[in-house]
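So you can see what is in the structure, the chains are spelled out below.
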Amino acid sequence: MYTVYVIDTIGDAHVLEFKKFEYRNLMELLVNKLHDEIGDCKGRGLCGTCHIRVHSSNTEMQFFEGLENNILKKQLAYYPDSRLACQILLDEHIDTMKIEIIGGD
Ligand code: FES
């Protein structure tokens, strides 16, 4: 089991556990466990509603140039640590990561 620490869109804190590749990506874990209304494009990296900030990570996560970067820069609240949750795989690289769900603007 792996763990991620999450601040949801109303500011509540959660500890979510997951198995490797239990869902296709981090966005699906957040939707299924928190019922947050994100993920409008079902993980295709197009809508920006799964916008998160990564406050800490035990590894240097790769930032996807191109599509993910372009979608994020269209968000009004864009930060250097912004990512799209649907572009992050559920594996050991995100174990103990702390994130905040920003959502779409
Ligand atoms: S679910 Fe639409 S960009 Fe991630």
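Our subject is the structure listed above.
We now turn to the structure provided with this report. Small disclaimer: the values here were computed from a predicted structure and weren't measured.

Broken down by element type, the protein chain carries two helices and five strands. Counting helices and strands in the order they occur from the N terminus, the protein chain gives β-β-α-β-α-β-β. Since a compact globule built from 105 residues should have a radius of gyration of about 13 Å, the 12 Å found for the protein chain is in line with a globular shape. By its C-alpha atoms, the protein chain is 35 × 25 × 20 Å across when sized along the principal axes. The burial tally for the protein chain puts 42% of its 105 residues in the buried class. In the protein chain, of all internal contacts separated by at least 6 residues, the share reaching a separation of at least 24 is 63%. For the protein chain, the separation between the mean place of its 11 positive charges and that of its 17 negative charges on side chains is 5 Å.

Looking now at the environment of Y79. On the secondary structure map, Y79 appears in the loop between α2 (67-74) and β4 (82-84). Not counting the four nearest positions on each side in its chain, Y79 is found in contact with R53 and I102.

We now examine the sheet that holds strand β2 (residues 13-18). In spatial order, the strands read β2-β1-β5-β3-β4; together these five strands make up an open sheet with mixed pairing. Of all the strands in the sheet, just β2 and β4 have a single pairing partner and so form its edges. Within the sheet, the average angular offset between the axes of one strand and its neighbour, ignoring direction, is 35°. Pairing between strand β3 (residues 51-56) and β4: three bridges, direction antiparallel. Bridging across to β4, R53 finds its partner in S82.

Criteria and cut-off values
Residues numbered from 1 in each chain as written. Predicted model: local features only at pLDDT ≥ 70, side-chain atom pairs only at ≥ 80, totals over all residues. Heavy atoms only, no water. Helix = DSSP H or I, 4+ residues; strand = E, 2+ residues; numbered from the N terminus. Rg over C-alpha atoms; globule rule 2.2 N^0.38 Å. Buried < 20%, exposed > 50% of the residue type's maximum accessible area, 1.4 Å probe, protein only. Contact = heavy atoms within 4.5 Å. Lys, Arg positive; Asp, Glu negative; His and termini not counted. Charge placed at Lys NZ, Arg CZ, Asp CG, Glu CD. Pairing = 2+ DSSP bridges. Axes fitted to C-alpha atoms, helices over the stretch in contact; angles between N-to-C directions.

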